[in-house]
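So you can see what is in the structure, the chains are spelled out below.
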Amino acid sequence: MSHPAPLIGMNMTQLQEVAAACGMPRYAAGQMARWLYEKRANSIDEMTDLSKTARMNLADKYTVGRMSPLERMVSSDGTAKYLFEGAGGRDVESVMIPDGDRATLCVSSQAGCKMNCRFCMTGRQGFHGNLTPAGIINQILSVEESRELTNVVFMGMGEPMDNLDSVLRAIEILTAPWGLAWSPKRITVSSIGKIAELQRLLDGTSVHIAISVHSPFSEERAGLMPVERAYPLTKVLDLLRRYDWHHQRRLSIEYIMWHGVNDDSRHADALARLLKGLECRVNLIRFHSIPGVELHTADNRTMTAFRDRLNRSGITATIRASRGEDIMAACGMLAGKSTSADTSAKQIDIAL
C-alpha cells in the first residue's frame with residue numbers, strides 16, 4: 001500500500017493537478033496553497049473552505065506532510081539546532097540563529113554530501129540522499145520560530161547545486177505570492193560552485209549567493225575541497241563576473257581561516273587580486289574543530305590583520321561571529337544522525 005503524498009513542497013501547477021485528480025475546481029489549488037503556506041495547516045481536515053467530500057477525496061491520496069522535529073537543542077547564545085527526518089537512513093539538521101530583530105534559519109538540502117571537503121563534518125559522513133521539496137520546506141514551516149523567521153540560508157547539510165530542482169522549488173514556494181510571499185533578498189544560497197547549476201540558479205532567481213573559497217591558490221584549495229579540480233574557482237568567478245551584484249542581490253565569499261594554512265599576508269594579497277573588480281563581501285569564518293581533522297582555527301589577531309589587509313586592498317571583509325558551537329551547530333559541524341527504530345519522525349498530520 002502506497003503512502004499518501006505530501007502536499008507541502010508542491011507549487012501552484014502541481015496543486016492544480018491535485019485538485020483536478022480529486023474532482024475539485026481549479027481554484028481549489030489556491031485554497032490549498034493558502035492553507036499550506038499562509039495558515040500553516042497541520043491536517044487536511046483544517047481546510048474548511050473545501051467541501052467535506054473534497055477533503056475526503058484529497059485525504060485518500062495526500063497528506064499535508066508536515067513532520068515535527070525529532071530533537072531541539074538550544075545553545076548558550078540562543079542558537080537552536082533542530083533534527084529532522086532526512087533521506088537514505090540519515091536525519092538532517094537545521095539551525096535557527098537569532099540576532100537582534102533578525103531570525104535566520106540555516107536549512108539542509110541533502111542528507112550528507114558528495115563534495116568531501118576536508119574540513120566539513122557533513123562531507124565526511126558521505127552522501128545519503130537528496131531532500132525532496134517537502135523535506136526542505138518542512139524545516140521552514142516546522143521550527144518553533146517559523147512565524148518569526150526573517151531570513152533563510154541554504155548553508156546546512158549538503159551542496160544545494162547538487163539538489164537544484166528541490167532547492168528551486170523551495171525558493172519558488174518561499175517567494176511566490178501564493179506561497180510565503182518573501183522577497184528574494186531574504187534568501188541566500190551557498191555553493192562550492194558547480195558551474196552549470198550555479199548559472200541556472202543565477203538566471204532563474206534573484207536570491208543572494210555565497211561561494212565557498214577558503215584558498216586563493218588552486219592546488220591548496222583542491223587539497224581542502226576536491227571539487228576544485230572539476231570546477232576551478234577561476235571559472236566560477238568568471239561566471240559570477242557576468243552578473244550584476246550592485247543592485248538586487250549580494251555576493252558573499254566564504255573563507256574559513258586555519259592557522260598556518262591560509263591565514264597569512266600572501267593569501268590575503270592573492271585573494272584580493274582574485275576578487276579585484278568583483279562586487280562582493282568576504283566573510284572570514286573561524287574553524288570549528290571536528291573529530292579526525294588536524295586543522296586549527298586562526299587566532300583573533302591573525303583574522304583581524306587578514307581582514308584589515310583585504311579592506312586596505314579595496315575588498316570589503318568582515319569576521320563572522322561564531323554561533324552555536326557548544327551544541328555542534330556552527331559552520332561545518334552539522335552531521336545529523338543515523339535513523340534507528342526509536343528515532344522515527346512524528347508526523348503532525350495524524351488526524352487522517
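Look above for the structure.
Residues numbered from 1 in each chain as written. Predicted model: local features only at pLDDT ≥ 70, side-chain atom pairs only at ≥ 80, totals over all residues. Heavy atoms only, no water.

### Things to note about the overall build of the chain
- For the chain, the helix and strand inventory stands at 11 helices and 14 strands.
- Against the compact-globule benchmark of 20 Å for 352 residues, the chain has a radius of gyration of 21 Å, which places it among compact chains.
- When its C-alpha atoms are laid out on the principal axes, the chain stretches across 70 × 45 × 40 Å.
- Here the chain, with 352 residues, has 53% of them falling under the buried criterion.
- Taking the contacts inside the chain whose residues are at least 6 apart along the sequence as the reference set, 68% of them involve residues at least 24 apart.
- Taken together, the 41 basic and 39 acidic charged side chains of the chain have centroids lying 3 Å from each other. (Helix = DSSP H or I, 4+ residues; strand = E, 2+ residues; numbered from the N terminus. Rg over C-alpha atoms; globule rule 2.2 N^0.38 Å. Buried < 20%, exposed > 50% of the residue type's maximum accessible area, 1.4 Å probe, protein only. Contact = heavy atoms within 4.5 Å. Lys, Arg positive; Asp, Glu negative; His and termini not counted. Charge placed at Lys NZ, Arg CZ, Asp CG, Glu CD.)

### A closer look at the pairing of strand β11 (residues 208-212)
- Among the five residues in β11, five count as buried, and that is most of the element.
- The alternating pattern of β11 places His208, Ala210 and Ser212 on one face and Ile209 and Ile211 on the opposite face, and all of these are buried.
- Relative to β11, strand β10 (residues 187-191) runs parallel, the two being bridged by four bridges. Each bridged residue has a counterpart across the sheet, and for Ser190 the counterpart in β11 is Ala210. (Pairing = 2+ DSSP bridges.)

### What to know about the packing of aromatic side chains
- Under the criterion given, the structure shown has five aromatic pairs.
- Here the aromatic rings of Phe119 and Trp258 are separated by 5.1 Å at their centres, their planes lie at 50 degrees, and the arrangement is tilted. Within this pair, whereas Phe119 is found in the loop between β7 (110-112) and α4 (121-124), its partner Trp258 is found in the loop between β12 (251-257) and α10 (265-275), the two being separated by 139 residues in sequence.
- Trp258 sits in the buried class, given a relative accessible area of 0%.
- Three or more aromatic residues joined by ring pairs make a cluster, and in this case those are Phe119, Trp258 and Phe287.
- Above the face of the Trp182 ring, Arg186 is positioned so that its terminal group lies 3.7 Å from the ring centre.
- For Arg249, the ring lying beneath its charged end belongs to Trp245, and the centroid distance is 5.5 Å. (Phe/Tyr/Trp six-rings, centres within 6.5 Å; stacked < 30°, edge-to-face > 60°. Lys NZ or Arg CZ within 6 Å of the ring centre and 35° of its normal.)

### A word on the sheet that holds strand β4 (residues 80-87)
- Strand order in the open sheet made by the 10 strands is β3-β4-β5-β6-β9-β10-β11-β12-β13-β14, with mixed pairing throughout. Bordering the open sheet on either side are β3 (71-74) and β14 (316-319), each of which pairs with just one other strand. Within this sheet the neighbouring strands show an average axis-to-axis angle of 25 degrees, counted without direction.
- In the sheet, strand β5 (residues 90-99) pairs with strand β6 (residues 102-106) via five bridges, with the strands oriented antiparallel. Bridge assignment links Pro98 to a residue of β6, and that residue is Ala103.
- Those strands touched by helix α6 (residues 164-175) are β9 (151-154) and β10, and its axis lies near 170 degrees from that of β10. (Axes fitted to C-alpha atoms, helices over the stretch in contact; angles between N-to-C directions.)

### Some details on the nonpolar core
- One finds Leu7, Leu58, Phe154 and Val282 to be the most contacted residues of the largest nonpolar core, which totals 90 residues.
- With sequence-adjacent residues up to four places away left out, Val282 is seen in contact with Ile253, Tyr255, Leu271, Leu275, Leu310, Ile315, Thr316, Ala317 and Thr318.
- The next biggest cluster of nonpolar side chains, apart from the first, holds 16 residues, and it includes Phe119, Ile285, Phe287 and Val293. (Core = buried A, V, L, I, M, F, W, Y, C linked by side-chain atoms within 4.5 Å.)

### Remarks on α10
- Among all positions of α10, only His267, Ala268, Ala270, Leu271, Ala272, Leu274 and Leu275 are buried.
- Looking one or two residues beyond α10, the residue adopting positive phi is Gly277, at roughly 85 degrees.

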